[in-house]
Amino acid sequence: QVHMVESGGGLVQTGASLRLSCVVSGRTLSTTNMGWFRQAPGKERDFVAAINYSGGLTYYADSVKGRFTISRDNAKNTVYLQMNNLKPEDTAVYFCAASTARGRSLRMGATYDYWGQGTQVTVSS
């Protein structure tokens, strides 16, 4: 059974930074593609960032490119999302997700097999 737990969310001011963590258990991280998605109130869940199983490829939504960085530490079975220069529009519940698929777009939620419970990020103006 794969289990994922996100942490690191909180309430910050515009321009601040946060680092989200996602600890994965029940599966070897080195064979798993990982992604971060977010969902604001009343909106659909949106892709934020993804990293392939080897860590050699990363993908970002245009809205976060240059501000957010996804990384992984396979030894710790943990994926990170470093978020800098946060803006009010980044306010959302952030979810990490794991995918065993190959050859499918990591920007699509349907690619992912497992999801965490989410962590709230609130950016005040």
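**Quick look at the pattern of salt bridges**
In total, this model carries three salt bridges according to the counting rule given. Its salt-bridge partner being Lys65, residue Asp62 comes within 3.3 Å of it at the nearest N-O pair.

**Points about the nonpolar core**
Nonpolar side chains tend to gather and get buried jointly when the protein is soluble and globular. Membership of the largest hydrophobic core comes to 35 residues, with the highest contact counts inside it found for Met34, Trp36, Leu81, Met83 and Tyr94. For this core, the elements supplying multiple residues, two or more each, are β3 (18–25), β4 (33–39), β5 (45–51), β7 (68–73), β8 (78–83), β9 (92–99) and β11 (119–124). In this view, Met83 contacts Ala16, Ser17, Leu18, Leu20, Arg67, Phe68, Tyr94 and Val121; residues no more than four positions away in its chain are not counted.

**Observations concerning unusual backbone geometry**
Positive phi, normally seen in glycine, also occurs at Asn77, with a value near 50 degrees. With respect to the element layout, Asn77 can be found in the loop between β7 and β8. Phi at Asn85 takes a positive value of approximately 50 degrees, unusual for a residue other than glycine. Positionally, Asn85 belongs in the loop between β8 and β9. Here Asn85 falls in the partly exposed class, since its relative accessible area comes to 41%.

**Thoughts on the state of the cysteines**
Per the stated rule, a full pass over the model turns up one disulfide. Note that Cys22 is cross-linked by a disulfide to Cys96, the S-S spacing being 2.0 Å. Sign of the S-S torsion, about 50 degrees for the bond between Cys22 and Cys96, identifies this disulfide as right-handed. Of this pair, Cys22 sits in strand β3 while Cys96 sits in strand β9, placing them 74 residues apart in sequence.

**Brief notes about the pairing of β3**
In the sheet, strand β1 (residues 3–7) pairs with β3 via five bridges, with the strands oriented antiparallel. Counted as the bridge partner of Met4 is Val24 from β3. Two strands pair when backbone bridges link them, and β3 and β8 are joined in this way by six bridges, in the antiparallel orientation. Each bridged residue has a counterpart across the sheet, and for Val23 the counterpart in β8 is Thr78.

**Description of the sheet that holds β7**
Reading across from one edge, β1-β3-β8-β7 is the order of the four strands in this open sheet, with antiparallel pairing throughout. Bordering the open sheet on either side are β1 and β7, each of which pairs with just one other strand. The average angle at which neighbouring strand axes cross in this sheet is 15 degrees, direction not considered.

**Considerations on the packing of aromatic side chains**
Under the defined criterion, the tally for this structure stands at four aromatic pairs. Relative to Phe47, the ring of Phe37 lies with its centre 5.7 Å away and its plane at 75 degrees, an arrangement referred to as edge-to-face. Linking Phe37 in strand β4 with Phe47 in strand β5, this pair joins segments that are 10 residues apart in sequence. Each member of the pair, Phe37 as well as Phe47, is classed as buried. Every member of this aromatic cluster is reached through a ring pair, and the members are Phe37, Phe47, Tyr112 and Trp115. We note Arg45 situated over the ring of Trp115; from NZ or CZ to the ring centre the distance is 3.9 Å. Over the aromatic face of Tyr53 sits the side chain of Arg102, whose NZ or CZ is 4.0 Å from the ring centroid.

Criteria and thresholds
Residues numbered from 1 in each chain as written. Predicted model: local features only at pLDDT ≥ 70, side-chain atom pairs only at ≥ 80, totals over all residues. Heavy atoms only, no water. Salt bridge = Lys/Arg side-chain N within 4 Å of Asp/Glu carboxyl O. Core = buried A, V, L, I, M, F, W, Y, C linked by side-chain atoms within 4.5 Å. Buried < 20%, exposed > 50% of the residue type's maximum accessible area, 1.4 Å probe, protein only. Helix = DSSP H or I, 4+ residues; strand = E, 2+ residues; numbered from the N terminus. Contact = heavy atoms within 4.5 Å. Disulfide = S-S within 2.5 Å. Pairing = 2+ DSSP bridges. Axes fitted to C-alpha atoms, helices over the stretch in contact; angles between N-to-C directions. Phe/Tyr/Trp six-rings, centres within 6.5 Å; stacked < 30°, edge-to-face > 60°. Lys NZ or Arg CZ within 6 Å of the ring centre and 35° of its normal.

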